Amino acid sequence: MKSLMLGLSFFLCASHAMVAQEKATIRVQIQDVKSDEGMLRVGLYNTAENWLEKVYASESTTIVNGTCEVLFEDVPYGVYAISVYHDENNNGKMDKYLGFFPKENYACSNQAPANYGPPKWNDAKFTINQKTNQQLIKL
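Given the structure is predicted, the values throughout are model-derived calculations rather than measurements. (Residues numbered from 1 in each chain as written. Predicted model: local features only at pLDDT ≥ 70, side-chain atom pairs only at ≥ 80, totals over all residues. Heavy atoms only, no water.)

Caption draft 1: Up close: the side chain of His86. Inspection of the secondary structure puts His86 in strand β5 (residues 78-87). For His86, a relative accessible area of 0% puts it in the buried group. There is a polar contact of 2.6 Å between the side chain of His86 and the backbone oxygen of Glu37. Non-local contacts of His86, meaning those with residues more than four positions away in its chain, are made with Val33, Ser35, Glu37, Met39, Leu40, Ile63, Glu104, Asn105 and Leu139. (Helix = DSSP H or I, 4+ residues; strand = E, 2+ residues; numbered from the N terminus. Buried < 20%, exposed > 50% of the residue type's maximum accessible area, 1.4 Å probe, protein only. Polar contact = N/O pair within 3.5 Å; in protein donor to acceptor, adjacent residues only side chain to side chain. Contact = heavy atoms within 4.5 Å.)

Caption draft 2: Spotlight on the layout of surface pockets. The computed volume of the largest pocket comes to approximately 710 Å³. Forming the walls of the largest pocket are 27 residues, and the residues nearest its centre are Leu52, Ser83, Tyr85, Met94 and Lys96. Among the secondary structure elements, those contributing two or more residues to the lining of the largest pocket are β2 (39-45), β3 (57-61), β5, β7 (101-102) and β8 (106-108). If one sorts the elements of the lining of the largest pocket by residue count, β2 sits on top with four residues. Taken together, the residues of the lining of the largest pocket break down into 16 nonpolar, five polar and six charged. (1 Å grid on protein atoms, 1.4 Å probe; cavity = no way out; pocket = protein on both sides within 12 Å on 5 of 7 lines; lining within 4 Å. Points joined across faces, edges and corners; volume = space filled by probe spheres on them. Nonpolar A, V, L, I, M, F, W, Y, C, P; charged D, E, K, R; others polar.)

Take a look at the structure:
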């Protein structure tokens, strides 16, 4: 009986570990970029506390005919949000008027609106629970 309980416990722990380690790919397609100048900077965030402050992962890409695509691979299943900005002058940062208002175009997952401040985590977040995921963001 002891060995049966021990075997069952081992099986349950191993099953839990396999689920916790599942990874996904997120394909982010960005459309409606007003020019092909500069780069698009794409940030993936994994917590509300880090939203728009500290990225979980990031990618930069060139723009061709107003569109581009980036992949985030080996992303653990969970809740995420994406922000994108068009770094037109390719200086590696989002330029702002008076230090507050963005000069460069930006957008977020779920087309989260920026009403009287930056887009909210709850509006931008989405759940990853399958191997392949797609996000479409329009600038």
